[in-house]
Structure formats: structure tokens, C-alpha cells
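Fold and contact review
The lines below spell out each chain.
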Amino acid sequence: MQREEIINLAAGPSTLPQSVLQEAAQGLLNYEGTGIGLTELSHRSPDFTKLTTDLENILRKHLNVPQTHRVLFTQGGGSLQFSAVVMNLLSRHRRLYPDLPEKDRVMDYVVTGNWSSKAIEEAKKLAGPCTVHTVFDGREHSADRKFQAISAAENWKISNNPAFVYYCDNETVDGVQFDGYLSKEGENNERIRFPFHALPRDPSNPTNLVPIVADYSSSFFTRPIPQIEDHAVVFAGAQKNVGPAGLTILLVRQDVLVPQPTNSLYPIPTTLEYATLAKSGSLYNTPPMFSMYVSLLIMRHYESKGGLSAVVAESKIKVEKLYRSLEVGEKKGVFKLRVKDGSRSYMNVTFEVLGEGNEAKFLKEATEKGLRGVKGHRSVGGIRISLYNGVTIEQVDKVVQFVLEFVEKNAS
Ligand code: PMP
């Protein structure tokens, strides 16, 4: 098979722009005329230091990262951040409220899908005597106990002074996302944005909200981060929209960057402590150099196409086209969209193919047409089509054509 014959709609790692991969292949052999391949350079060389600074600056510029926040690069993926946020944010809380009984230190979790479920399980493992509190669990608001929607903040139970409030912007497995710009105006649909307005102020610094932690693994650099300044930590693995796997990007506010006292009863492993990463300029140990390199090339590629606003505009076109075609199938009884309007993801579109044997038929025919990676996550089944930044509008047009043909053939 040739690359041109395939439309890779996988949920991550996912497709990356071909021109960038070609450029990266060149840099792998000879980085910017140094005669040394990128992965053969020292991570402390001036060339690589410049690359790190350039990557930080381009992310800062396009995401409008405020001066109160550091941009940090590390390894371990979103999964390791499930642990790191607990340790770093509890440490901050202990520093600010040393006399509070540990059981009164609360971590608030908003559970909207598979990945925030995993995050809360990790918090329970690491909490010790501290309390892990579920602010909202999407399963409790759906008839079949599946993640299908996020409800408005009236249903949320937020603690008064939590160590942090955690949410996942886009649930990659379930296809549930905050900020329902997809929902149609005037149809009484709730447009579910993250309810910053419902969060209490931080008693230690009332100009801020209580610390917010967000998992942006599958939506980083797909739109501006709403109220970025109110987030204590934003984290994302690079492998969906930004680059190859291996790189984890962190945006961390200064008040989380205070080193732990050496005699702490609750030590944080050195490489997981945000203060260490910040102090060393993300160079405490060897960073994921190749992934950072490709990510920088990808950022430059998006910059040349008009930056984040161009990415957002393209994304809107892609999701509109795909959801509209699936709605045609839904009206004709061929598909069922999994997620309620208002909470639908614009990165991972999940649906079921109705009728005995029809899902297998859809998958077979999709494969024959060159579509790849559309089988739903093993935990939920069904179909999932991911529309990350690397998927082009032309490719989505082909997907839509396939979907509509399938509907025509299978409508009863
Ligand atoms: N959070 C979300 C929303 C994800 O989609 C993923 C990976 N698919 C993760 C966390 C875990 O990331 P990693 O595999 O990089 O640890």
C-alpha cells in the first residue's frame, strides 16, 4: 500500500503532515547542516537548546500562554501525569495549609469518560489519607450508565478549598468533549463549556480560582485553551495533534513550581517534580529529542498555514461535514451517534452501526476504501473516527462519501 491510498483516522498515535515527516527524515540524518543527525546531538548542545527554546516560544505565541506559566517538556505521557498532578498539587496544598488534617485535603475530579476515570483511580491509589471526591460522573446521568453527555454545573458538587479540580477536555475513547460549539443554536441544546464560573476562588490568592488541572492529551493545539490563566496545570501527550509519541507538554503556573522541602514526609520522585523540570529548563534528564524536533516542525507547519485560528477553522469544517453525514444515517436508521449534542467531540466521533452484522460490514468496506483506525476502543466497541489536525478536509470528503454511500445501501 502507498501512503496516498490510506486515510489514517486512528485515535492516536495518528497521522502527521507528510511534508513535515519528509523534513524530519532529513534532520534525522543531518540536523541543519551540522553533519550530525538530530538524535545523535547532545541534548545540552547549543543547537538543541535553541530547538527547545523555539518550541516553547512557538507554543507560547499561538496558545497565548501567560507569563505566569512555564512551558515544560517531559516524558511518560498523559498517564504519568495522572500521578504527577496528584503529588505536585498536594504538595502545594500542604505548603499553603500545613495544619489542615490530611483527610480534609480534597482532590476534586470531574469524570466525563474513560481517561478521567483512569485519572481518578490513580489519585485514589496515591491519596493516602487525603480525600478523592467525584464532582460529577457522566455515567450517573445516563440511562445505560455510559458516558454520553456532560451536564451543566448545577449537577456538580465542587469542594470549598480543594487541592485541585481535575477535568479532561476531550475524552478520546467516548467522544465526549467540553465546549459544545458543535451544537446547533436555537434547538434548546445546552452548550456545555467547562463551568469556570461555578468554581470557588482560591482562599490563598482570591484573584485566582481554585487550582484547575486539565488533561488536553487529545485536544492540545486544536483550539485556544479557555481561561488558560486559571489553570494550574495543563498537560498533553504530543501524539495526537502535535507530533510523535514520547513528548509530554506541560503548562504549569508559577505557584505550583515551589520545590518540596528535603525532609518532606511525602517525597515526589525528582523527575516528576514540576519544580525540578522548571529549574532545569526541561533538561534535568535527557528529553524526548526526536519527538520535540518533529513537534517544532509541525508547529512551524501550522504557523505557515495561519496558526491556531486556521487549525480551528479547518477543524470546524471537518467535524460539521462528518456529523451531518452521520445524522443523515441516523435519520435513516443506519447509525446511532453515541454522544448527546452539546457534548460531542470534534476530535473523536463515536457512533454505532445498527443492525446485526452491520458494524463488521462497515469496517470491512471502510478497510477496502483505504480507511484505517476506525474501530471503536476495545472498552466500548462501535466506530470511532478521529479528526485530528493531520487529517485533511479532502480526506474527510472521502470519508463522508463513503459514509453516505453506506447509508444509501443499508437504509431500510
Ligand atoms: N488522556 C487522554 C485524553 C488520552 O487520550 C490519552 C491517550 N490516548 C491519555 C490520557 C494517556 O496518554 P499516554 O498514552 O500518553 O499516557
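Heads up: the structure comes first, above all this text.
Being a predicted model, the structure only gives us computed values, none of them experimental. (Residues numbered from 1 in each chain as written. Predicted model: local features only at pLDDT ≥ 70, side-chain atom pairs only at ≥ 80, totals over all residues. Heavy atoms only, no water.)

1. Structural notes on the site of the ligand
Neighbouring the ligand are 13 residues, the closest being Ser79, Thr172, Asp215, Gln239 and Lys240. With respect to the ligand, the side chain of Asp215 contributes an N or O atom lying 2.6 Å from a nitrogen atom. For the ligand, an oxygen atom lies 2.9 Å from a polar atom in the side chain of Gln239. For the ligand, the accessible surface in isolation is 390 Å², of which the surrounding protein chains cover 84%. Here the shell around the ligand gets four residues from one element, more than from any other, and that element is helix H3 (residues 77-96). (Near = heavy atom within 4 Å. Polar contact = N/O pair within 3.5 Å; in protein donor to acceptor, adjacent residues only side chain to side chain. Areas by Shrake-Rupley, 256 points an atom, 1.4 Å probe, with all protein chains shown as cover. Helix = DSSP H or I, 4+ residues; strand = E, 2+ residues; numbered from the N terminus.)

2. Quick word on the environment of Tyr31
Looking at where Tyr31 falls in the secondary structure, it is placed in the loop between helix H1 (18-29) and helix H2 (46-63). For Tyr31 and Asp47, which are 16 residues apart along the polypeptide, the C-alpha to C-alpha distance reads 9.0 Å. Every residue in contact with Tyr31, bar those within four places of it in the chain, is listed here: Ile36, Gly37, Leu38, Leu41, Asp47, Leu51 and Tyr293. (Contact = heavy atoms within 4.5 Å.)

3. Section: the side chain of Ser14
With respect to the helices, strands and loops of the structure, Ser14 is situated in the loop between strand S1 (7-8) and H1. Given the relative accessible area of 11%, Ser14 is considered buried. Among the polar contacts made by the side chain of Ser14, one reaches the main-chain carbonyl oxygen of Gln239 at a distance of 3.4 Å. Reaching out from Ser14, the side chain makes a polar contact with the backbone oxygen of Lys240 at a distance of 2.8 Å. Look past the residues within four positions of Ser14 in its chain and what remains in contact with it is Asn8, Gln239, Lys240 and Tyr388. (Buried < 20%, exposed > 50% of the residue type's maximum accessible area, 1.4 Å probe, protein only.)

4. Concerning the pairing of strand S10 (residues 212-215)
The two faces of S10 match: Ile212 and Ala214 on one face and Val213 and Asp215 on the other face are all buried. In terms of strand pairing, strand S5 (residues 164-168) meets S10 through four bridges, oriented parallel. Across the sheet, residue Cys168 finds its bridge partner in S10, namely Asp215. Here S10 pairs with strand S11 (residues 231-237) via four bridges, running parallel. Along S11, the bridge assignment pairs Ala214 with Val234. (Pairing = 2+ DSSP bridges.)

5. Here's the deal with the pattern of salt bridges
For the structure on display, the rule yields 22 salt bridges. Put simply, Arg92 and Asp202 hold a salt bridge, and the shortest N to O gap is 2.8 Å. In this pair, Arg92 is assigned in helix H3 and Asp202 in strand S8 (residues 201-202), connecting sequence segments 110 residues apart. Under the relative-accessibility criterion, Asp202 is labelled buried at 1%. Through salt bridges with shared partners, a single network forms among Arg92, Asp202, Arg253 and Asp255. (Salt bridge = Lys/Arg side-chain N within 4 Å of Asp/Glu carboxyl O.)

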